[in-house]
Structures are given as C-alpha cells and as structure tokens.
Amino acid sequence: MKKELERIAAQQRLQLSEEEAGKFAPQLEEITKAFSELDRVDTSNTKPSFHPIEIETIFREDEAQTPSKPTENHQRKEKGYLKGPRILK
Amino acid sequence: MDALKKIIEADEKFNCCTYVPKEIEGSGKKLVSAKDNLCVKGMPAQAGSKILEGYVPPFDATVVERAKKAGYAVCAKTVMDEFGFGTFNVNTYKVPKNPHDPTRATGGSSGGSACLVAATGIPSIAESTGGSITAPSAFCGVVGVTPTYGLVSRYGLIDYANSLDKIGTMATTVTEAFSLLDTIKGTDKKDSTSTQPAQEKKLKNKIALPKEIWERTDERTRKQCWKAIDAMGVEAEEVSLKHVDSALYSYYIIAMAEASTNLAKYCGLRYGLQNEYGPEETYTEYFTKTRNAFGEEAKRRLLLGSFARTSGYRGKYYEKACKVRTLVIGELKNHLKEYDGFLTPSMPAIAPKFSEIAKLSPLQHYRMDVCTVPFNLAGLPHASVPFGKVDGMPVGVQIIGDHFQEKTVEKYAKIIEERK
C-alpha cells in the first residue's frame, strides 16, 4: 500500500509528510479491505448507475454566454492577463 | 432581540457561523442562513476548507437567487465539514458545538445550519451528500428535509459528489422546512441534472421498517423511535434490505471517486487560497504546495477516491460500486411499490461527545452513516423529525419516500411532529 500511496498522492498533487504517509497507509489498507466486501455481491447481469434517477441529456443553442466575472477572485493580474507560476523549469 | 444580535450570540456560544453580515439587506425581509458551500454574492464561501480562503463569489447560487426573490435575506453562512466530508462536523477549521450540550458534536456536515436553527429558530438552506442534513438535524433537534436528487438546482453549490449532492432545508417545523423547499426547488437550465417532479402517487397508508437498519441502532434510540411508530398509528411492517452494508461501501467509493475529480480544480490560482511563489517555482510545485491546505479527511478521501478509479482498480471498486448502486436502488424501489415509504431512526445513536469521536477510526466514522446512506445513494427524498430525547439529547425519526414524492414525506413528517 505504501507504493500505491506514493503513486496516488502524486496523481492528486499531494505531498504527504512522513507522518501523514505512516498514518494513511494502514487506514487505506483497512478501508479498501472493507470496500472489497462488494466482491461478494453478484452484479454479473447488472448495469452501473451513474445517477440515482434517469437523467436526460439537455441541449442548448450554441450561443456565447456571459459568465459572471470569472477572474474577479484572481489576485495577480498584469496588463489585462492573469499571472501564474512558470510552466517549465 | 435584534436578529443579527441573536445570530452573533449563537455564534459566540456554539461556533456555528463562518460569516455574519454587518446588516441585513433590505427591511422587513424573512431571514435564512446558507451552508458555506452555497455561493451568496458578496459573502465569503469556503465550504469549510482553507483552500478556499478569501473566495468571495460574484454570483448567487440558484437556490439563493430564488430565496431572495421570495423575500428572504441571507443572514449568515454556516460552518460545515470541509467540502461536506464528515458525519460530526469535526473535520474543519471551526468546529460547532451542540446547543443541547456543548461537549457534544452537532453532527455533520451541515452542523452550523442545524445549530443555528436550534439556537435562533431561523431556517437554513443546507446540503446533503450521504446524510449531511439528517445527521445534524437529528443531533440538534430540528427538522431537516433532503429532497429527491434533481428536484433542486445545484448551480452555485461548491460540489462534493455530483451524482449525490442535494440541496435541502432545515427549520424548527415541518411546515416551514417544506415551505422553504417549495421556494428553492424547480428546474434550472444552469443545472442539467435538475428535473421535473413526477406525478404524485396514491397513498397506501403503509410504511416499511428496514430491519437491517433498526438492528444497527443503539437500543435506547431504537426504543424512542418505536414510540413514534406507536404514536403515529399507521400500519408499519418490517422489511429486509439485504444491501445495507454494500450500500455503505458503494456510497463511499462513488462519493470519494467523484470528490477526487471535483477537488482537482483547486490549484490556488483563479480563486481561494493564493500563495506566494518564487521565480524558479513551477506550476506543478506551486499547485502541490497549495494543496497542502486540504485537511486530513479531505486528503484521505482524495487518496481513496483516486485509488478507486485508477487504472487496475477501476473495475473492482468504482464500476462495481456503480453496479451495486443499481441493486440498492432496485431493492428500495421494489419495496416502494408496496409501501408509501420507509421509517428508521435518523442516526444510530444520540450526538456523541467530542472525546468519543476522537477515539473513532475513519472506518468507524463512515459506518455511523448506515441510517442515511442507502437512501442518499438512491436519491430518495427524506425528512428527519425530532421525537423526544435520550439522556437529554434529541432523537430524530427519519421518514423516506419514493422519488419526487415529497408530499408523502411531508404528510408523514407532520404526523410524527404532531404526536411527539
């Protein structure tokens, strides 16, 4: 589980401290073991439900929408652009 | 006493608010509070998380817009478990105390809402993913209504799990809680999962008591809830829900998987917490540094959710959980052909003390949701109604109806309320 933990933490962009990793590893082991109880349920002829009720796909006209100030909460702006950290080293 | 003064006093005593405005907008308005994962224009919204520190929404959630149009003013934002991740409202930076006994938890994740309703009588717009309205309503002795999935628009809700989140209400009476639900419900083109209610079903005047849920309840709470059935005077029969434990695991896998994708957007750039960064610091390094602001339970759920849908495990966990969900819904709907609804204790026990909660493992925490999770997984409407006390703490009775049969839930909830 420790190796798996490192892999999924990296996927989630989480840098776990040694203390956190030591705590989470056995907990995740215990919880996923409990989740494996689902193996006992026969679902061989069952379709998955991704929603509790049937959801219809809704379409709208392909027209531009005016969002409500989407950049208002961004604190670093320069010359009308949003500023962020560099992408490459 | 002035309403704002009452709210501030309640907050000072019980830690139930994240934000209280300096004054109420407009005069003669009806007051309502909103859980902190709901966007209210101009009021900070953090959803119980440090990663959203400083975020002030420039818009109203659809439910808030509708409440404002109906003459309500938002008088407070209420504390909650981080992103809704919790049963006791202890997984956040400000932990509310139960107004009936401050050494005990309010329940979560809408703990602040229930606490403020109990302390001031002001209704609240709350939200449930797996039981977040029922649990705190039961522990704090107020009425909590969770509608059918899709009845209320989720636009403007800081989401936890899209296929499970439902915005509902809390109040001191059944009538007030359902009246507020009538105000906020309805389809919305901004939420493609919001839908039209189905027709009302004819009543059968018979309710089902799911044996496996009653068996997992503490004896004194169970006995108190039995008194409600006796007092109601309706026909009640025991039924078996063989998928109760599977429902719990299915729920947690789906909820965590969805949360782990929803929370991927928090990178500390466009809104919320925005850290400093050096000239050499890359986007990925900055992203990772900022996400350290997530609390322990949020990290645990991100890890588990990511694990459940990752290559190699997706079939075993996520897909399996979605198939089990089909079986759970089928089993519940099958019983609902014969009965108007289900009746259960709202929670397996009374509100625990903080010292007791500290001793629980994460898995023990999750298992406390056994009374609420099956019905939330199936998106069925339900209400928790206070019915007497055990050791001086409120006990809640939960009534669950078929999809879009809110009127039936209201009818039974009123009978429970009248006979308490």
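Placed above this text is the structure.
Residues numbered from 1 in each chain as written. Chains lettered and ligands numbered in written order. Predicted model: local features only at pLDDT ≥ 70, side-chain atom pairs only at ≥ 80, totals over all residues.

Engineer: Which residues make up the overall build of chain A, and what values go with them?
Structural biologist: Of regular secondary structure, chain A possesses two helices and two strands. Written out in order from the N terminus, the α and β elements of chain A read α-α-β-β. Here the C-alpha radius of gyration of chain A, 22 Å, is well above what a compact globule of 89 residues would show, namely 12 Å. Dimensions of chain A, computed from the C-alpha atoms along their principal axes, are close to 55 × 45 × 20 Å. Residue burial in chain A is summarised as follows: out of 89 residues, 15% are buried. (Helix = DSSP H or I, 4+ residues; strand = E, 2+ residues; numbered from the N terminus. Rg over C-alpha atoms; globule rule 2.2 N^0.38 Å. Buried ≥ 20, exposed ≤ 12 C-beta atoms within 10 Å, placed from the backbone.)

Engineer: Give me the lowdown on helix H1 (residues 3-14) of chain B, citing residues and values where you can.
Structural biologist: All names here are of chain B. In this model H1 runs 16 Å from its N-terminal to its C-terminal C-alpha over twelve residues, within 8% of the 16 Å that 1.5 Å per residue would give. Every buried residue of H1 is accounted for by Ile-7, Ala-10, Asp-11 and Phe-14. Projected down its long axis, H1 shows its buried positions confined to an angular sector of 100 degrees, all on one face. Exposed side chains of H1 directed beyond 90 degrees from the buried face belong to Lys-5 and Glu-12. Once H1 finishes, Asn-15 follows within two positions and takes phi at roughly 60 degrees, a positive value. (Expected span 1.5 Å × (residues − 1). Arc of directions from axis to C-beta.)

Engineer: Could you give an account of the sheet that holds strand S8 (residues 235-239) of chain B, naming the residues involved and the relevant values?
Structural biologist: All names here are of chain B. The strand order across the open sheet built from eleven strands is S1-S3-S2-S4-S6-S5-S10-S11-S9-S7-S8, with neighbouring strands paired in mixed fashion. Strands with a single pairing partner mark the edges of an open sheet, and in this sheet they are strand S1 (17-19) and S8. On average, adjacent strands in this sheet sit at an angle of 35 degrees to one another, irrespective of strand direction. Bridging between strand S4 (residues 124-128) and strand S6 (residues 166-171) involves five bridges; their strand directions are antiparallel. Following the sheet pairing, Ala-126 is matched in S6 by Gly-168. (Pairing = 2+ DSSP bridges. Axes fitted to C-alpha atoms, helices over the stretch in contact; angles between N-to-C directions.)

Engineer: Please provide a residue-by-residue account of the pairing of strand S11 (residues 393-401) of chain B, values included.
Structural biologist: All names here are of chain B. Counting buried positions along S11 yields eight of nine residues, so the element is predominantly enclosed. As defined by bridge partners, strand S9 (residues 341-345) adjoins S11 across five bridges and the pair is classed as antiparallel. Bridging across to S11, Pro-345 finds its partner in Val-397. Looking at chain direction, strand S10 (residues 382-390) and S11 are connected through seven bridges and run antiparallel. From the neighbouring strand, Val-390 faces S11, where its bridge partner is Met-393. The loop that links S10 with its antiparallel partner S11 comprises two residues; one of these, Asp-391, has a positive phi angle of about 55 degrees.

Engineer: Mind laying out the nonpolar core, listing which residues take part and the relevant values?
Structural biologist: Residue and element names in this part refer to chain B. The biggest cluster of nonpolar side chains holds 136 residues, and the ones touching the most others in it are Leu-116 and Ile-253. Examining the composition of this core, we find that twelve residues originate from one element, helix H8 (residues 244-262), more than from any other. Filtering out sequence-adjacent residues up to four positions away, Leu-116 remains in contact with Ile-7, Ala-10, Cys-16, Cys-17, Ser-33, Ala-76, Thr-78, Ile-122 and Ser-124. (Core = buried A, V, L, I, M, F, W, Y, C linked by C-beta atoms within 7 Å. Contact = placed C-beta atoms within 7 Å.)

Engineer: Got a sec to walk through the environment of B:Ile329? Specific residues and values, please.
Structural biologist: Tracing the chain through its elements places B:Ile329 in helix H11 (residues 315-335). Take B:Ile329: there are 22 C-beta atoms within 10 Å of it, and that puts it in the buried class. Separated by 46 residues in sequence, B:Ile329 and B:Phe375 have C-alpha atoms that sit 8.4 Å apart. Setting aside residues up to four positions removed in sequence, B:Ile329 forms contacts with A:Ser49, A:Pro52 and B:Ala378.

Engineer: Tell me about the packing of helix H7 (residues 219-232) of chain B against helix H15 (residues 406-419) of chain B, residues and numbers included.
Structural biologist: Residue and element names in this part refer to chain B. Viewed as axis vectors pointing N to C, H7 and H15 meet at an angle of 100 degrees, and their least axial separation amounts to 9 Å. In terms of axis orientation, H7 runs roughly perpendicular to H15. Where H7 abuts H15, its residues Ala-228, Ala-231 and Met-232 lie against Ile-415, Ile-416 and Arg-419. Within the contact of H7 with H15, the residues separate by chemical class into five nonpolar, no polar and one charged. (Parallel < 35°, antiparallel > 145°, perpendicular 65-115°, else oblique. Nonpolar A, V, L, I, M, F, W, Y, C, P; charged D, E, K, R; others polar.)

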